[in-house]
2 protein chains.
Amino acid sequence: MAFEIERRFLVQGEAWRTDVTTTRHLRQGYLAREDGVSVRVRVAGDAARLTIKGPGGLVRREFEYDIPARDAEDMLALLCAGRSLRKTRHEVPLDGLVWEVDVFEGALAGLVVAEVELPAADHPLRVPAWAGREITADPRYANAALASATAPPRG
Amino acid sequence: MAFEIERRFLVQGEAWRTDVTTTRHLRQGYLAREDGVSVRVRVAGDAARLTIKGPGGLVRREFEYDIPARDAEDMLALLCAGRSLRKTRHEVPLDGLVWEVDVFEGALAGLVVAEVELPAADHPLRVPAWAGREITADPRYANAALASATAPPRG
């Protein structure tokens, strides 16, 4: 078991693009969500992974396992109907941390979210100018919730 | 991906015990259940497995992965509160098939269920005399439902 300690922000503008080092496309779906526990399947290129996350905002328990990409494709197609999303993830290194800027697609087009994993919950963080309102504790913006949304959250 | 084709029956009496070949204790919990999809973690001795099942009664899609027993113990303790059960499973071979007779414990004490996996949905099955009412299509008796039950289903 690991803990994921992550802060998340809405992204404003395009200034972050100048510092992008890597970009990859992600497709992910939620097999099931219950009492804050979510079980996600994600495909990135030829790689696929199953991730179980516990409840929480800033700090979440997390278990991750690589699985055959074929299995993941079957799960996305057959078991995640109405609970999936697509996004392009851009990595932006800053102060020794890696910001991940997710540009959502489909029904969520227009939504851009930046996530940054921290080594500790109280780790100091310099928030770049392109990172706007913090949404770490806003359940509407959890990926598990976005996967069922028909449009980006408002307000 | 595989398919699980399984019929299930309530068990009457103790006559099945004379034909038991192997017995093992199982502890299992449900990380999450949604729209008929369930994600189960099971510990049997030193071995642990994560199992994803799709909706359905007789025929269900199924994905299974071995995981570290330590992870499974953490999941059971931390992420499956109110969604777990314990049972002793007895294997009873019959006509080239293996009947699994599950004797439930704790809040489900008194419940005994026999499951038999079939190679095809229309595979002929000789139902032994100790197997009573069929519960394949009764959602109250699904293990995912039993894990949250405070007593065996009635009627």
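Residues numbered from 1 in each chain as written. Chains lettered and ligands numbered in written order. Predicted model: local features only at pLDDT ≥ 70, side-chain atom pairs only at ≥ 80, totals over all residues. Heavy atoms only, no water.

Within an unreviewed UniProt entry, the label attached to chain A reads CYTH domain-containing protein, and the organism entered is Roseomonas fluvialis.

Chemist: Which residues make up the overall build of chain A, and what are the values?
Modeler: Along its length, chain A carries two helices and nine strands. The linear arrangement of helices and strands in chain A, starting from the amino end, is β-β-β-β-β-α-β-β-β-β-α. For chain A, the C-alpha radius of gyration of 15 Å lies close to 15 Å, the compact-globule estimate for 155 residues. When its C-alpha atoms are laid out on the principal axes, chain A stretches across 40 × 30 × 30 Å. Here chain A, with 155 residues, has 49% of them falling under the buried criterion. If you take every contact in chain A between residues at least 6 apart in sequence, the share linking residues at least 24 apart comes to 58%. Positive and negative charge centroids in chain A, built from 21 and 23 side chains respectively, lie 4 Å apart. (Helix = DSSP H or I, 4+ residues; strand = E, 2+ residues; numbered from the N terminus. Rg over C-alpha atoms; globule rule 2.2 N^0.38 Å. Buried < 20%, exposed > 50% of the residue type's maximum accessible area, 1.4 Å probe, protein only. Contact = heavy atoms within 4.5 Å. Lys, Arg positive; Asp, Glu negative; His and termini not counted. Charge placed at Lys NZ, Arg CZ, Asp CG, Glu CD.)

Chemist: How would you summarise the environment of B:Ala145 if you had to cite specific residues and measurements?
Modeler: Residue placement: B:Ala145 occurs in helix α2 (residues 143–146). Separated by 112 residues in the primary sequence, B:Ala145 and B:Arg33 place their C-alpha atoms 9.3 Å from one another.

Chemist: Break down the nonpolar core for me, citing the residues and quoting the values.
Modeler: In terms of nonpolar packing, the biggest core is built from 34 residues, with A:Leu31, A:Leu50, A:Ile52, B:Leu31, B:Leu50 and B:Ile52 touching the most fellow members. In contact with B:Leu50, other than residues within four places in its own chain, are A:Leu50, A:Ile52, A:Tyr65, B:Leu31, B:Val39, B:Arg40, B:Val41, B:Phe63, B:Glu64, B:Tyr65, B:Ile67 and B:Met75. Counting residues in hydrophobic clusters, the runner-up holds 17 residues, among them B:Trp99, B:Val116, B:Leu118 and B:Ala131. (Core = buried A, V, L, I, M, F, W, Y, C linked by side-chain atoms within 4.5 Å.)

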